[in-house]
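# Observations on chain architecture
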Amino acid sequence: MPASAHPPRHLILTATTDLTYDQRMQRQCAALAEAGYRVTLVGREKATSRPLAVAPYHQHRLRCWFAAGKFFYLEFNLRLLAWLLRQPAPAAYTAVDLDTALSVWLAARLKRRPWLYDAHELFTEVPEVVARPRIQRLWRWVEAFIVPRATAAYTVGPALAEVFRQRYGRPFGVVRNVPAQGVPSFGFRGPSEAVSPKPETRNPKLLLYQGALNVGRGLEELLDALPLVVPGARLVICGEGDLSAALRARVAADPVLAARVEFRGYVVPAELRLLTRQATVGTMLLQNLGLSYYYSLANKFFDYVQAGVPQVCIDFPEYRALNQEHKVAELIPDLAPATLAGALNRLLTDDARRAELAANCRAAARVWNWEREAVGLVALYSETLGPAKSWI
């Protein structure tokens, strides 16, 4: 039988996210598909979800009655398990974070297939879990049960990989969540990677926040600092989350903030990429409310770099290490209004400093990009499962 006649190995990857906005999963699935695997990505469908974009892999979304909380996780996992058991057994499963891992583990056990664990964060140490000790104990039990049983595991940064290794005595690979620099080496550019034209000039004094509007993301502190920022600077906030209503209410009630803050809500990746390239300064502000944030390596850090946008960033270990390689950010030790406003004002008013960091971003973009990370991702899967084409 010629090599071309051998069927591709089928992979099923599962997440609780809305697939339209999940750039990491779009990149991973596209890279695996272009490497020759047949890929199915399973996610969540909300009432407000947009139609799925065309991709070189299959996408399936599950709709739930519950939108959040423990009943959502229970319902989603039951629906996910039922769906997985109805499908022909793939070559392997991948669970994205703990909130799909139990269903994936059980399906893999019943179907006698290997499975991988993709930790986008240290789920047991996110602020929403840390603040509720009983819930944290439950998720820690799930983590202790799941992680040692995975055939292979990987996460978003070396610091989190080391935390997992120390906890469970097993290796974790690292696949960073970075955008593509140009046309990806695997040929496919998904909706998250659409090339946007480089604007001739950036919007004057445009500050950008992108990401979830949740506790511990520095959003309240950013609003506290904004009145101290030089006149003419405005803040654009992209995303939604638990704090959406409270933040909007605060801005609406304050004439100073209302004149300087714009909420864009959810922005599809291609549009967000274009907006990012128009920004003057990006913001990457986290609070140390748990190890997941402290050892994080957020995708927005790399998104600003790829767009050539200097950023004000919290001085946590992973960002400090990267900034020592290429100085692309003003690192700050805390989120006090004076500290945050001082760093923002330096980048907004010092044209030479801003130009220096922007040039460093362009140099770093040639190193920190998805073209390089995708090679490691495909290598991890091929080492775990064998080549994309089945020979049996």
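Below, the structure is looked at part by part. (Residues numbered from 1 in each chain as written. Predicted model: local features only at pLDDT ≥ 70, side-chain atom pairs only at ≥ 80, totals over all residues. Heavy atoms only, no water.)

## Topic: the overall build of the protein
As a reminder of what qualifies: The numbering of helices and of strands both runs from the N terminus, where a helix is a DSSP run of H or I of at least 4 residues and a strand a run of E of at least 2. The globule rule used here is 2.2 Å times the number of residues to the 0.38 power, and the radius of gyration it is set against is calculated over C-alpha atoms. Pairs of residues are marked as contacts when any of their non-hydrogen atoms sit within 4.5 Å. Working definition of accessibility: Shrake-Rupley area with a 1.4 Å probe, residue cover restricted to the visible protein chains. Note on charges: Lys and Arg go in the positive column, Asp and Glu in the negative column, and His and the chain ends are not counted at all. In plain terms, the charge of a residue is placed at NZ if it is Lys, CZ if Arg, CG if Asp and CD if Glu.
Helix and strand content of the protein: 16 helices and 13 strands. In summary, the protein has a C-alpha radius of gyration of 21 Å against a globular reference of 21 Å for 392 residues, a match within 12%. Judged by the C-alpha coordinates and their principal axes, the protein covers about 65 × 50 × 40 Å. The long-range share in the protein, meaning contacts at least 24 apart out of those at least 6 apart in sequence, stands at 70%. For the protein, the computed accessible surface area is about 16600 Å², with 57% contributed by carbon and sulfur atoms. When the 47 positive and 35 negative side-chain charges of the protein are each reduced to one mean point, those points stand 6 Å apart.

## With respect to the environment of serine 103
Following the sequence through the fold, serine 103 ends up in helix H3 (residues 101–111). Separated by 24 residues in the primary sequence, serine 103 and arginine 79 have C-alpha atoms spaced 9.1 Å apart. Once residues lying within four places of it in the same chain are set aside, the contact partners of serine 103 are Asn77, Leu80, Leu81 and Leu84.

## Remarks on the packing of aromatic side chains
Threshold: Aromatic contacts are taken between Phe, Tyr and Trp rings whose centres are within 6.5 Å, Trp giving its six-membered ring; a plane angle under 30 degrees counts as stacked, one over 60 as edge-to-face, and the others as tilted. For every residue, the accessible area obtained with a 1.4 Å probe (protein chains only) is divided by the maximum for its type, and the residue is called buried under 20%, exposed over 50%, and partly exposed between those limits.
Inspection of the entire model under this criterion finds 18 aromatic pairs. Taking the centre distance of 4.4 Å and the plane angle of 5° together, the rings of phenylalanine 164 and phenylalanine 172 count as stacked. As far as burial versus exposure is concerned, phenylalanine 164 and phenylalanine 172 are alike and both buried. Centre to centre, the rings of phenylalanine 301 and tyrosine 319 are 5.4 Å apart; their planes meet at 40°, and the pair counts as tilted. Remark: tyrosine 319 occurs in helix H13 (residues 317–325) and phenylalanine 301 occurs in helix H12 (residues 299–306); sequence separation between them is 18 residues.

## Regarding the sheet that holds strand E12 (residues 311–314)
Rules: Strand pairing is defined by DSSP finding a minimum of two bridges between the two strands. Lines fitted to C-alpha atoms define the axes, with helix axes restricted to the stretch in contact, and inter-axis angles between N-to-C directions lie between 0 and 180 degrees.
Spatially, E10-E9-E8-E11-E12-E13 is the arrangement adopted by the six strands of the open sheet, whose pairing is parallel. Lying at the two open borders of the sheet, with one neighbouring strand each, are strand E10 (261–265) and strand E13 (329–332). Across the sheet, the mean angle from the axis of one strand to that of its neighbour is 25°, orientation sign disregarded. Judged from the five bridges that link them, strand E8 (residues 206–210) and strand E9 (residues 234–238) form a sheet pairing that is parallel.

## Side note on the nonpolar core
Counted only if it meets this: Residues belong to one nonpolar core when they are buried, are Ala, Val, Leu, Ile, Met, Phe, Trp, Tyr or Cys, and are joined through side-chain atoms within 4.5 Å.
In terms of nonpolar packing, the biggest core is built from 79 residues, with Phe301, Tyr319 and Tyr381 touching the most fellow members. One finds Trp83, Leu84, Trp105 and Ala108 within the second-largest nonpolar core, a separate group that totals 38 residues.

## Brief notes about the sheet that holds strand E7 (residues 173–174)
What holds strands together in a sheet is hydrogen bonding between their backbones, with the strands either parallel or antiparallel. The strand order across the open sheet built from seven strands is E3-E2-E1-E4-E5-E6-E7, with neighbouring strands paired in parallel fashion. In this open sheet, the two edge strands, each paired with only one partner strand, are strand E3 (58–63) and E7. Pairing of strand E1 (residues 10–14) with strand E2 (residues 38–45) involves five bridges; the strand directions are parallel. Note that in E2 the partner of isoleucine 12 across the bridge is threonine 40.

## Focus on helix H15 (residues 351–365)
For the record, the criterion: To estimate how far a helix should extend, the number of its residues minus one is multiplied by 1.5 Å. The directions from the helix axis to the C-beta atoms are what the arc is built from. Any pair of N or O atoms that falls within 3.5 Å is considered a polar contact. Within protein, one atom must be able to donate a hydrogen and the other to accept it, and sequence-neighbouring residues count only if both atoms are side-chain atoms.
With 15 residues, H15 should reach 21 Å at 1.5 Å per residue; the first-to-last C-alpha distance of 21 Å fits that figure. Within the span of H15, buried status applies to Arg353, Leu357, Ala358, Cys361, Ala364 and Ala365. The arc enclosing the buried residues of H15, seen along the axis, measures out at 135°, which places them on a common side. The opening residue of H15, the one whose side-chain oxygen lies 3.3 Å from the backbone nitrogen of alanine 352, is aspartate 350.

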